[in-house]
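Each chain, letter by letter, is given below.
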Amino acid sequence: MVLGGRVSWLRAKGGKNESKVSFVELFFDLVFVFSISQLAHSLAEHFTPLGALESVILIFAVWWVWVFTAWVTNWLDPDRMPVRIMLFVLMFAGLILSSAIPDAFGEKAIFFAGAYVFMQVGRSLFTVYALRDVSPANHRNFLRITSWLVLSGVFWIVGALMEGEMRVGLWLAALVIEYSAPALGFRVPGLGKSTAADWDVSGAHIAERCALFIIICLGEAVLQAGKTFAEQPVSPLIVAVFITAFAGTVALWWIYFQFGHERAAHRIEHDDTPGSLARQAFTYAHIPILAGIILSVVGDEFLFAHPHDQADMHTAAAILGGPAVFLIGNLWFKGVTTGRPPLSHLVGLVGLGLLLFTLPEVVVYQLGILATAVLVVVAIWEFASLTRVVPSARSTGDH
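Residues numbered from 1 in each chain as written. Predicted model: local features only at pLDDT ≥ 70, side-chain atom pairs only at ≥ 80, totals over all residues. Heavy atoms only, no water.

Things to note about the overall build of the chain
- Secondary structure summary: the chain contains 16 helices and 2 strands in total.
- Considering the chain as a whole, with its 399 residues, one finds that 55% of them fall into the buried category.
- When contacts within the chain are restricted to residue pairs at least 6 apart in sequence, those whose partners lie at least 24 apart make up 78%.
- Element-wise, carbon and sulfur atoms account for 69% of the exposed surface of the chain, whose accessible area totals about 16,800 Å². (Helix = DSSP H or I, 4+ residues; strand = E, 2+ residues; numbered from the N terminus. Buried < 20%, exposed > 50% of the residue type's maximum accessible area, 1.4 Å probe, protein only. Contact = heavy atoms within 4.5 Å. Areas by Shrake-Rupley, 256 points an atom, 1.4 Å probe, with all protein chains shown as cover.)

Structure below.
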């Protein structure tokens, strides 16, 4: 397609590939398999209040650079060679970013911050050029977005040159700038602000992109459990821990995929302001879902490493906290897209909270079994809820 005297790099509206997730996008996501692994291991090794804060900063950054790219490929066609090359360049920068995660608050801070700023600003500048003379409204949107990312990039780079509390404070400031920008419409003097009507997105594409990212995260949980099990001497206890970790991951998958993302895609496709709904459901609500999975991976590491230790608040923060944060994210996600937060998730949160009272009486592996049992109950509840939906409601995406 030729627009404005040159070949358009946009997805063809109404075409068969408008909402299709391309193989290039899936290839791009492979870098984030490494990122999730690095984040989980880094958090497990520094499971302290400061380590948790640093991990939260890194998780927010990794998610933000990924989800911004997912939004961009909602408009740009990855099958166009310039867009494909842009994604390959981002992959290389993402590999540098991921490699720097374990020492992002140490000697490799500039590698992490530099790669992050390059990915954010570089991708946005590329999109500004791609949309020039082709989509005026989105061209202005990405001019605004680039301005905000350049501003936050100053904080990222200066923070990398600082140490200790100064770095943490500057990087937190950078995240506040970036995460508040969409809610403020990316307002820029002289360029105005974006409106919800400007963000005409494909619900099917953004839903599938986020679903595939969640698969990546859950895949890391499965791989970590398998790797650790392979390295352990076989015993009935280790087999029980392995089954517990796997069953917990399957329950997380079931809770998210049973009737979450497909219904959300349908709702966005038929909403008057799809961009606003997609921003809430996918850009923001998926953050606790991602964090919950990563924290659950840390909990699995504790299960394998210290199964006989007395359970305490330290281990409970991962073993119970991971599923709890995951359920909170799903409550938000499903509440936004259906208007009715699932009762099963609320009951699951209560159940996990009640398990805190068992800490003086149980050891780590027993706490893990109990937490997994709560998740399995929630998953079964979700399945039972779906089987009660009449066929016509399923076909319309209602529940």
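Next, the rest of the story.
Thoughts on the packing of aromatic side chains
- Applying the stated rule across the entire model yields 28 aromatic pairs.
- On the numbers, 3.8 Å between centres and 25° between planes, the contact of Trp64 with Tyr179 is stacked. In this pair, Trp64 is assigned in helix α2 (residues 49-75) and Tyr179 in helix α6 (residues 164-180), connecting sequence segments 115 residues apart.
- Arranged with centres 6.1 Å apart and planes meeting at 45°, the rings of Trp71 and Trp75 form a pair that is tilted. Of this pair, Trp71 and Trp75 both sit in helix α2, 4 residues apart, roughly one helical turn. Taken individually, Trp71 and Trp75 each receive the classification buried, so the pair is uniform in this respect. (Phe/Tyr/Trp six-rings, centres within 6.5 Å; stacked < 30°, edge-to-face > 60°.)

Considering the side chain of His139
- Relative to the helices and strands, His139 is located in helix α5 (residues 136-161).
- For His139, a relative accessible area of 18% gives the class buried.
- Not counting the four nearest positions on each side in its chain, His139 is found in contact with Val128, Leu131 and Arg132.

Topic: the packing of α2 against helix α4 (residues 109-131)
- One can describe the packing of α2 onto α4 by two numbers: an axis separation of 11 Å at closest approach and a directional angle of 20°. Relative to α4, the element α2 is oriented roughly parallel. For the element pair α2 and α4, the recorded crossing hand is left-handed. Touching Leu58, Ala61, Trp64, Val65, Phe68, Thr69 and Val72 of α2 are Phe112, Tyr116, Met119, Gln120, Arg123 and Thr127, all from α4. (Axes fitted to C-alpha atoms, helices over the stretch in contact; angles between N-to-C directions. Parallel < 35°, antiparallel > 145°, perpendicular 65-115°, else oblique. Left-handed = near helix turned anticlockwise from the far one by under 90°.)

As for the nonpolar core
- Among the nonpolar cores identified, the biggest contains 118 residues, and Trp63, Phe112 and Trp156 are the most heavily contacted of them.
- With 15 residues, α2 is the largest single contributor of residues to this core.
- With residues near it in sequence (within four places) discarded, Trp156 still touches Ile57, Ala61, Phe112, Ala113, Tyr116, Val117, Trp171, Ala174, Leu175 and Glu178.
- In this structure, Leu43, Ala44, Leu295 and Ala318 belong to the second largest nonpolar core, which totals 7 residues. (Core = buried A, V, L, I, M, F, W, Y, C linked by side-chain atoms within 4.5 Å.)

A look at the side chain of Thr146
- When you line up the elements, Thr146 lands in helix α5.
- For Thr146, a relative accessible area of 7% corresponds to the buried category.
- A distance of 2.6 Å separates a polar side-chain atom of Thr146 from the backbone oxygen of Phe142.
- Leave out the neighbours within four places in its chain, and Thr146 touches Ser124, Leu125 and Val128. (Polar contact = N/O pair within 3.5 Å; in protein donor to acceptor, adjacent residues only side chain to side chain.)

Regarding the pattern of salt bridges
- According to the stated counting rule, one finds 5 salt bridges in the structure shown.
- Among the salt bridges present, the one from Arg84 reaches Asp79, with a minimum N-O distance of 3.4 Å.
- On the basis of relative accessible area, Arg84 is assigned to the partly exposed category, the value being 24%.
- Across the pair Lys334 and Glu382 runs a salt bridge, and its minimum N-O distance is 3.0 Å. Highlighted residues: Lys334 in helix α13 (residues 321-338) and Glu382 in helix α15 (residues 364-387), separated in sequence by 48 residues.
- Taken together, the salt bridges that share partners define one network made up of Glu25, Asp29 and Arg209. (Salt bridge = Lys/Arg side-chain N within 4 Å of Asp/Glu carboxyl O.)

Quick word on unusual backbone geometry
- One non-glycine residue, Phe186, lies in positive phi territory at about 50°.
- The exposure class assigned to Phe186 is buried, which follows from its relative accessible area of 7%.

Some points on the confidence of the model for the chain
- Across the chain, the average pLDDT comes to 87, with 87% of residues at 70 or higher.
- pLDDT under 50 marks residues 1-6. Its contacts with residues more than four places away, or in other chains, come to 15 contacts. (pLDDT = per-residue confidence, 0-100.)

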